[in-house]
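The residues making up each chain are set out below.
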Amino acid sequence: MAETEQSSGSSPEDDTPPAPASLSFMVPKKEINMVPDMGKWKRSQAYADYIGFILTLNEGVKAKKLSCEFKLSETVQKLLSVLETLDRWIDETPPVDQPSRFGNKAYRSWYAKLEQEAESLVSGVIPPDRAAAAPEIAVYLKESVGNSTRIDYGTGHEAAFAAFLCCLCKIGALRVDDQLAIVFKVFDRYLEVMRKLQKTYRMEPAGSQGVWGLDDFQFLPFIWGSSQLIDHPTLEPRHFVDEKMVNENHQDYMFLECIKFINEMKTGPFAEHSNQLWNISAVPTWSKVNQGLIRMYKAECLEKFPVIQHFKFGSLLSIQPVKP
């Protein structure tokens, strides 16, 4: 699939009417149980919708700053309120004393609150005539914050949050003109909450490749963040390894926000603790960085069984093959 193509999937750019109110929703479940099942995923409507959503937003944020002007719809404001609630719960659930340095068990108490409240949180975001979709969409919200058994977080959880937002687009709660707010407000706030979770409860990276992975926890903000920097008059890929440049510009660019967080969390030479990113800093242009990251995301996340085996499929993100 070419990086610039628009998939046949769903996106906030679709002008088609949202799912009819009479659509029968279903609680999503696992469908990818063995490696051979991966073919079903790549041919599925869910894959087309998901990658279409990611690529549409990638195009929408191109050459735009986080501080640019855009409207905040009622749905976006409600989503920000949900994320504020998750953030507040962290403050209300401090880490416990335990012998193990990583994976603080207080996370499980925090997660139990979300498990209990997720459906009602989602019901407060979606239009009343789509109320029946709440149990289905709530599953993706619960899946997006990490795993309570292992107390870990990784790109599969991040993908669940993107799937959550994609579902809100499919039922018409989020619309075309919410594109910038989806990335710059909602997703950016989600990242802040996830970073706070990761730091507070010392969460393990899920399926981390260590220094050979792009990042311990995230991937999408690097894709969308590199798109933001395309054709920037002064900032080039080589500049993101310069801490001074990062500190001066991180408030405008998601990519640099990610680098700032890495710099805060890791010690030692950048080339050693973040080798993949160090290599990317040698790429001449942001558009090449962006294309390469999309290819890498498909190969390292969307086409990896250990990541996709946890993805859940319902009526909105369906395992059924794409209709010809």
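Scroll up to find the structure.
What counts, and where the lines are drawn
- Residues numbered from 1 in each chain as written.
- Predicted model: local features only at pLDDT ≥ 70, side-chain atom pairs only at ≥ 80, totals over all residues.
- Heavy atoms only, no water.
- Core = buried A, V, L, I, M, F, W, Y, C linked by side-chain atoms within 4.5 Å.
- Buried < 20%, exposed > 50% of the residue type's maximum accessible area, 1.4 Å probe, protein only.
- Helix = DSSP H or I, 4+ residues; strand = E, 2+ residues; numbered from the N terminus.
- Contact = heavy atoms within 4.5 Å.
- 1 Å grid on protein atoms, 1.4 Å probe; cavity = no way out; pocket = protein on both sides within 12 Å on 5 of 7 lines; lining within 4 Å.
- Points joined across faces, edges and corners; volume = space filled by probe spheres on them.
- Nonpolar A, V, L, I, M, F, W, Y, C, P; charged D, E, K, R; others polar.
- Expected span 1.5 Å × (residues − 1).

Trainee: Lay out the nonpolar core in plain terms, naming residues and giving numbers.
Mentor: W110, L165 and L168 are the most contacted members of the largest nonpolar core, which has 105 residues in total. Element by element, the count of residues in this core is highest for helix 7 (residues 179–200), at twelve residues. Residues contacting L168, with those up to four places away along its chain left out, are L79, V125, I126, I137, A173 and L174.

Trainee: Can you tell me about empty space enclosed by the protein, naming the residues and giving the values?
Mentor: Once rolled over the atoms, a probe with the size of a water molecule shows which space is left empty. Per the counting criterion, the structure on display carries one cavity of 30 Å³ or more. In this structure, the largest cavity occupies an estimated 40 Å³ of space. As for the largest cavity, its lining consists of R195, D215, Q218, F222, C258 and F261. Residues belonging to the lining of the largest cavity are distributed by class as follows: three nonpolar, one polar and two charged.

Trainee: So, helix 6 (residues 155–170): which residues are in play, and what are the values?
Mentor: Counted at 1.5 Å a residue, the expected span for helix 6 with its 16 residues is 22 Å, and the 22 Å between its end C-alpha atoms agrees. By the criterion of burial, helix 6 is predominantly enclosed, with 14 of the 16 residues buried. Two residues or fewer past helix 6, G172 is found with a positive phi of approximately 90°.

In short, geometric facts, not functional conclusions.
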